[in-house]
Amino acid sequence: MTAVTETIRPPAPPKPVEWMQKNLFSNWFNTLLTLIAVSFIYFTVITLGRWLLFTADWRPVTTYPVLFLVGQYPREELWRPGLSLLLSIFLVGMSWGVWEKYVKVFAIFLGALLGILALIPLDTQTFTPAIRATFLVCPLLIYAGFRVGHLGVIKGYHVALLWLISLITIILVFLPGFGDSTILPEVPTTAWGGLIITLLLAVGGIVLSFPIGVLLALGRRSSLPVVRLFSILFIETVRGVPLVTILFMFSVILALFLPSESRIDRLVRALMGIVIFSAAYTAENVRGGLQAIPQGQVEAAKALGLTNFQITAFIVLPQALRLVIPSIVGQFISLFKDTTLVVIVGINDLLGIGKAVLNLDPEYIRLQTEVYLFVALVFWVFSYFMSFASQQLEKALGVGER
Amino acid sequence: MTENIPQEQEPMIKCRDVHKWYSHFHALRGISLEVAKSEVIVIFGPSGSGKSTFIRILNRLEEHQRGQVIVDGIELTHDVRNIERVRAETGMVFQQFNLFPHLTVMQNITLSPIWVRKWPQEEAEELAMKLLTRVGIPEQAHKFPSQLSGGQQQRVAIARALAMQPKIMLFDEPTSALDPEMIKEVLDVMVELAKSGMTIVAVTHEMGFARAVANRMIFFDNGEIVEQGTPEQIFNNPQSDRTKLFLSQILRQ
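Since this is a predicted model, take the numbers as computed values, not measurements. (Residues numbered from 1 in each chain as written. Chains lettered and ligands numbered in written order. Predicted model: local features only at pLDDT ≥ 70, side-chain atom pairs only at ≥ 80, totals over all residues. Heavy atoms only, no water.)

Draft legend 1. Structural view of the interface of chain A and chain B. Chain A puts 21 residues into the contact, and the matching count from chain B is 23 residues. Between chain A and chain B, the buried area comes to about 2000 Å², and carbon and sulfur atoms account for 65% of it. Where chain A meets chain B, there are 1 salt bridge. For Glu-299 of chain A, the salt bridge goes to Arg-56 of chain B, with nearest N and O atoms at 2.6 Å. In this assembly, chain A and chain B are joined by 6 residue pairs in polar contact (both at pLDDT 80 or more). Only helix H13 (295-303) and helix H14 (308-323) of chain A provide two or more residues apiece to the side of chain A that touches chain B. Residue contributions to the side of chain A that touches chain B peak at 7 residues, all from H13 of chain A. Grouping the constituent residues of the side of chain A that touches chain B by class yields 9 nonpolar, 7 polar and 5 charged. (Contact = heavy atoms within 4.5 Å. Buried area = accessible area lost by both parts, 1.4 Å probe. Salt bridge = Lys/Arg side-chain N within 4 Å of Asp/Glu carboxyl O. Polar contact = N/O pair within 3.5 Å; in protein donor to acceptor, adjacent residues only side chain to side chain. Helix = DSSP H or I, 4+ residues; strand = E, 2+ residues; numbered from the N terminus. Nonpolar A, V, L, I, M, F, W, Y, C, P; charged D, E, K, R; others polar.)

Draft legend 2. Quick look at the packing of helix H9 (residues 195-220) of chain A against helix H17 (residues 368-397) of chain A. Residues and elements named next belong to chain A. Running from N to C, H9 and H17 cross one another at 25°; their axes reach a closest spacing of 12 Å. Classified by the interaxial angle, the pair formed by H9 and H17 is roughly parallel. Judged by the sense of rotation from one axis to the other, the crossing of H9 with H17 is right-handed. Taking contact as the criterion, the partners of Leu-195, Thr-198, Leu-199 and Ile-206 in H9 are, on H17, Val-378, Phe-379, Phe-382 and Met-386. Tallied by class, the residues present in the contact of H9 with H17 amount to 7 nonpolar, 1 polar and no charged. (Axes fitted to C-alpha atoms, helices over the stretch in contact; angles between N-to-C directions. Parallel < 35°, antiparallel > 145°, perpendicular 65-115°, else oblique. Left-handed = near helix turned anticlockwise from the far one by under 90°.)

Draft legend 3. The arrangement of the sheet that holds strand E5 (residues 74-75) of chain B in detail. Residue and element names in this part refer to chain B. Taken in spatial order, the 4 strands line up as E2-E1-E4-E5 in an open sheet, and their pairing is antiparallel. Lying at the two open borders of the sheet, with one neighbouring strand each, are strand E2 (25-35) and E5. Where strand E1 (residues 13-22) and strand E4 (residues 66-71) come together, 5 bridges link them in antiparallel fashion. Directly across from His-19, in E4, lies its bridge partner Arg-66. (Pairing = 2+ DSSP bridges.)

Draft legend 4. Broad picture of the packing of aromatic side chains. All names here are of chain A. Within this structure, the stated rule accounts for 24 aromatic pairs over all chains. Seen in terms of ring centroids, Phe-106 and Phe-385 are 4.9 Å apart; in terms of plane orientation they differ by 40°. Their pairing is tilted. Taken together, the residues Phe-106 in helix H6 (residues 101-119) and Phe-385 in helix H17 connect sequence positions 279 residues apart. Judged by its relative accessible area of 29%, Phe-106 falls in the partly exposed class. Consider the rings of Phe-210 and Phe-332, whose centres lie 6.5 Å apart with planes at 70°: the pair is edge-to-face. On the criterion of sequence distance, the pair formed by Phe-210 in helix H9 and Phe-332 in helix H15 (residues 325-338) is long-range, its members being 122 residues apart. (Phe/Tyr/Trp six-rings, centres within 6.5 Å; stacked < 30°, edge-to-face > 60°. Buried < 20%, exposed > 50% of the residue type's maximum accessible area, 1.4 Å probe, protein only.)

Structure follows, in structure tokens:
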């Protein structure tokens, strides 16, 4: 006799009509709410759609795309930001080839975005074929970089080193140039503007503030009283002051203290303010992660004879940082948006350029909505993308989680 | 078994009048103990008796405040170099395994040979595979700890401790966090280790293990050594009333 195991199926999901009856029209009040909600959504979508398709006038954006990208960067020197973009893009592709899934989505998204950008019909007077071609090459370069990185010859630390060298050269030498150079004539940062400033401040702020923040977090837990006291003092002071104040401090007060010939560039001063501000918040986020690591982990590492430095570097930090990815990325997203505050110290970031463009033509005054909507869209795309990338990173790092 | 302990050598562990306070709580009240090379010591006693504190003092996870602790001829003081040397000579296995969850089994085991002993990676991995074979789970080398059962995790922890080729192994309640069906697989490894001539100090209530391999059993209560002797003496003829009471409680199960 064979034992019959009866398989019980889970209940079938309700049919759409049944579902609607049950959830949307179960009684007169729910029916009323449903109707109100539907009509509200309908009118919003219709109004917005009609405005976007027929009323909205995107001329400020389509006429001055390059202004939004690089500000007043001399047009005859545009090959420099262009080449910088291509180099970075190639490195993104290589990172994808080397680190695979950690960068994959990022790289594909970026390639698609730039490719689409190249295909948008824009004023050919300003958005020259050369610029269009540059963007068009980007997806191909990402793929080329991917293949190169995928060969297996290049290691992770090679790419990291390449990134570091490239970014430093681009930011400190290639884009600003030298005063008396014929190939790379100086382009003062006052001429820089738009997306390039926003990205520079955001990337610079993130890359520089992260290690400082980690060190401060470790310092706050240090057994050396001087280090601990300094870290606490630094973190609490900076966290107690608004970013606007810090930016003012660095752009105005710092200039007063330093002799005029050793003037630090105002963009660098703004970046310093952002870095310091962000580092303090990073430190507190990382500290949260450090505290979540069980004492047993440290004891086991000690029992194995590892030094304190090795314990921190191999056992505590890797686990703590993985725990705080969501909060760190959240903080970096707000840092990215906070870079708009540099407008108050006279730097034209993306938002500043948006404002400036409105004054270029008397006709544009009534086009504020379009311009600010466009700026908002750019910020949204980057912010959403960061959040998306962080989810991918969490998933990829989730392997073997306790 | 007891007669085989070589007495002519310098003891591996020498403790003299060791005291430890947690603020005002007197956790260890003058422990004196010598452990010879290849000796297997089982420490048992009620919870809060100081047995875990004592074993953690032996590799300086806890500091003693009075007395003297000498491990393999090295005195444990505030001197960091001495502490690191002692830790490199002693392996420790914890109740909660304390494997590193972000590293694979292989990386868990090779971490300290590579970074403390400065071995080349291939050599360390070769040793790790040998040790994993010894504890019976060579096929798990490239998994993460969370993918293993409790018994397997504890065996990895033993392999990790052995990777430093220690002279002394410390076990701090190694089977207390395990499901009953997994205790045996860990004890088997410990028995094999004891028979191979390793010096072992184990805090455990596994009386079967004690009976099988212990040279000496030590009963802790209230931060003191109440009684010590061979397993036969302790099980068949305990002297102190506290020992009798405790044994009757744990053996009744």
